[in-house]
Number of protein chains: 2
Amino acid sequence: MATNKPRRKEFLDVLVALRQIIRATDLHSKHVMKVCGLTVPQLVVLLAIEELGAVTVREISRHVSLSQATVTTILNRLEERGFIIRTRNANDKRVVNSRLTDKGREVLINTPPLLDDHFMQSYEMLGQHERGKILSSLQKVACLMASDDVDPRPPTMGRIITADDEPSEQLYEYGHQSNEDA
Amino acid sequence: MATNKPRRKEFLDVLVALRQIIRATDLHSKHVMKVCGLTVPQLVVLLAIEELGAVTVREISRHVSLSQATVTTILNRLEERGFIIRTRNANDKRVVNSRLTDKGREVLINTPPLLDDHFMQSYEMLGQHERGKILSSLQKVACLMASDDVDPRPPTMGRIITADDEPSEQLYEYGHQSNEDA
DNA sequence: ATCAAATGTTTTGAACTGTAACTATCACTT
DNA sequence: AAGTGATAGTTACAGTTCAAAACATTTGAT
């Protein structure tokens, strides 16, 4: 337990790296916006709806790691532009289910990559070991940061539509499950 | 062999981790705001000014990895609240130099940590090897992402304000200095 | 000296983001 | 049935963020 104390500088390095990553991510989102008319957050939400079918706001917000309010504003834009429709659930009128329209489904066909092109290329060339190191580090950081804030998670009782809501592990998977409700 | 091609899922994992990190960072910033009245970006800018002395907007923006426009809006808020003052440079009236006020210097004394408490604690307990892995991974990611957006700026060659940019004590005179640059 | 290009900052417009306050609805108790 | 508390979603507000356009000023060329 000797050299265990990171100096101030080490934290600063972490901070700087994080800020650069955040900035690059944001820049990429703006770039995607110019190319395809949708930002990365919008696409992420759209993909979540594609994957989950008729889905509640809360489920989306958990799935994409955004607050409910944020998801609402994103859904507003998506609905305005005709990529999704929202319908109140008949069983529980508090609930709003969002689904893709044809237009929304179509726009997803040509989805540009959600990560920076250059990053993806370089990342692919890295060799499995290195990639694993990076991914696990990112997840570790995410995890360490999240745990402070963990627990927006009341005992779920999947009543309305939900199947199960696993927070981690494979978030996006291309399976399909039609989960229609009357 | 040659499982070298990361599957779509691997990129998604990266994306998800990144989004969680970004979110956590933002949450922490909001938290800091509630505690000390300044957001993390505001503090970062303030710290940059503390470090660099009377400094231009462009220099700040490079130092903190934010666009000039963003720095300007942050400076607006900081000036409004009396933490800094901006003065136009006499030599070149396009240039604006920002410096701390006493109030600004004072508020920095009790700066809360710019990284999440819980994260810092856990990070400290990690052992040097693990920490190194994480830091280098973050830097790698930052680097891979940044290169797309290559810095349109060669290393600062101090034109207006003196040259050597030692990150330590400020010995900046914004007087003149014109020759140089043989 | 004057006009044009370059440079430094600010403004504008649009999006993301979260908390807190608010509405509507449901579930459960009395 | 009425009331209370929990839950789902939206709105209001404040802050960050960037690109692009608008300004202001300086520098270089004619």
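As a reminder, the structure under discussion sits directly above these lines.
The structure reproduced in this document is the subject of the present report. All values reported here derive from a predicted model rather than from experimental measurement.

Re the pairing of strand 3 (residues 96-100) of chain B
All names here are of chain B.
Item 1. Strand 3 sits mainly inside the fold: five of its five residues count as buried.
Item 2. Neither face of strand 3 is open: one carries Val96, Ser98 and Leu100, the other Asn97 and Arg99, and all of them are buried.
Item 3. Sheet topology places strand 2 (residues 84-88) next to strand 3; five bridges connect them, and they run antiparallel. Each residue of the ladder has a partner; that of Arg86, found in strand 3, is Ser98.

Structural notes on the protein's contact with DNA strand D
Item 1. Around DNA strand D sit 32 residues in total, of which Arg23(A), Thr72(A), Thr39(B), Thr70(B) and Arg77(B) are the nearest.
Item 2. At the protein interface, 78% of the atoms of DNA strand D within 4 Å belong to sugar or phosphate.
Item 3. Taking Lys34(A), its side chain carries an N or O atom lying 3.5 Å from a phosphate oxygen of DNA strand D.
Item 4. Measuring from a phosphate oxygen of DNA strand D, one finds a side-chain N or O atom of Thr39(B) at 2.5 Å.
Item 5. Among the elements of the structure, helix 1 (8-36), helix 3 (57-64) and helix 4 (68-80) of chain A together with helix 2 (40-52) and helix 4 (68-80) of chain B are those that each provide at least two residues to the surface near DNA strand D.
Item 6. By residue number, the principal contributor to the surface near DNA strand D is helix 1 of chain A, which donates six residues.

Quick word on the pattern of salt bridges
All names here are of chain A.
Item 1. By the definition in use, this model includes 14 salt bridges over all chains.
Item 2. As a salt-bridge pair, Asp13 and Lys9 come within 3.1 Å of each other at their nearest N and O atoms. One end of the pair is Asp13 and the other is Lys9, both in helix 1 and four residues apart, which spans about a single turn.
Item 3. For Asp13, a relative accessible area of 22% gives the class partly exposed.

Concerning the relation of the copies chain A and chain B
Each of the two copies of the chain can be brought onto the other by a rotation about an axis and a shift along it.
Item 1. Of the transformation placing chain A onto chain B, the axial shift is 0.1 Å and the rotation is 180°, giving an RMSD of 0.2 Å. Seen this way, the second copy is the image of the first under a two-fold rotation axis.
Item 2. With an isologous cut-off of 70% or more, the 93% of interface residues of chain A that recur at the interface of chain B puts this contact in the isologous class.

Some points on the protein's contact with DNA strand C
Item 1. Surrounding DNA strand C, one finds 32 residues, the nearest of these being Thr39(A), Thr70(A), Arg77(A), Arg94(A) and Arg23(B).
Item 2. For DNA strand C, the backbone portion of the atoms within 4 Å of the protein, that is sugar and phosphate, comes to 76%.
Item 3. Backbone polar atom of Lys93(A) to a phosphate oxygen of DNA strand C: 2.9 Å apart, as the coordinates give it.
Item 4. At the level of secondary structure, the elements contributing two or more residues to the surface near DNA strand C comprise helix 2 (40-52) and helix 4 of chain A together with helix 1 (8-36), helix 3 (57-64) and helix 4 of chain B.

Some details on the packing of helix 2 of chain A against helix 3 of chain A
All names here are of chain A.
Item 1. It is at 10 Å that the axes of helix 2 and helix 3 come closest, and there the two elements cross at 115°. The chirality of how helix 2 crosses helix 3 is right-handed. Together, Val44, Val45, Ala48, Ile49, Glu51 and Leu52 of helix 2 and Ile60, His63 and Val64 of helix 3 make up the contact between the two elements.
Item 2. A per-class count over the contact of helix 2 with helix 3 returns seven nonpolar, one polar and one charged.

Considering the sheet that holds strand 3 (residues 96-100) of chain A
Residues and elements named next belong to chain A.
Item 1. The three strands are arranged 1-3-2 in an open sheet whose pairing can be described as antiparallel. Lying at the two open borders of the sheet, with one neighbouring strand each, are strand 1 (55-56) and strand 2 (84-88).
Item 2. Where strand 1 lies against strand 3, two bridges are found, and the strand directions are antiparallel. Following the sheet pairing, Val55 is matched in strand 3 by Ser98.

Quick word on the interface of chain A and chain B
Item 1. On the chain B side, the residues contacting the 58 residues of chain A number 59 residues.
Item 2. In this assembly, chain A packs against chain B so that about 6200 Å² is buried in total across both faces, 69% of it on carbon and sulfur atoms.
Item 3. When residues of chain A are sorted by the area they lose upon contact with chain B, Phe11(A), Arg19(A) and Met145(A) head the list and together hold 10% of the total.
Item 4. Counting across the interface, chain A meets chain B through four salt bridges.
Item 5. Here Arg131(B) and Glu10(A) are joined by a salt bridge, their closest N and O atoms 2.9 Å apart.

A short note on helix 4 of chain A
All names here are of chain A.
Item 1. When the terminal C-alpha atoms of helix 4 are compared, their 18 Å separation across 13 residues agrees well with the 18 Å that a helix rising 1.5 Å per residue should span.
Item 2. Here helix 4 has its buried residues at Val71, Ile74, Leu75 and Leu78. Down the axis of helix 4, the smallest arc covering the buried residues is 105°, so these residues share one side. Exposed residues pointing more than 90 degrees away from the buried face of helix 4 are listed as Ala69 and Glu80.
Item 3. Looking at the packing, one finds that the buried side of helix 4 touches helix 2, helix 3, strand 2 and strand 3.
Item 4. Just downstream of helix 4 lies Gly82, where phi reads positive at about 80°.

Rules and cut-offs
Residues numbered from 1 in each chain as written. Chains lettered and ligands numbered in written order. Predicted model: local features only at pLDDT ≥ 70, side-chain atom pairs only at ≥ 80, totals over all residues. Heavy atoms only, no water. Buried < 20%, exposed > 50% of the residue type's maximum accessible area, 1.4 Å probe, protein only. Helix = DSSP H or I, 4+ residues; strand = E, 2+ residues; numbered from the N terminus. Pairing = 2+ DSSP bridges. Near = heavy atom within 4 Å. Polar contact = N/O pair within 3.5 Å; in protein donor to acceptor, adjacent residues only side chain to side chain. Salt bridge = Lys/Arg side-chain N within 4 Å of Asp/Glu carboxyl O. Least-squares fit on C-alpha atoms with pLDDT ≥ 70 in both. Contact = heavy atoms within 4.5 Å. Axes fitted to C-alpha atoms, helices over the stretch in contact; angles between N-to-C directions. Left-handed = near helix turned anticlockwise from the far one by under 90°. Nonpolar A, V, L, I, M, F, W, Y, C, P; charged D, E, K, R; others polar. Buried area = accessible area lost by both parts, 1.4 Å probe. Expected span 1.5 Å × (residues − 1). Arc of directions from axis to C-beta.

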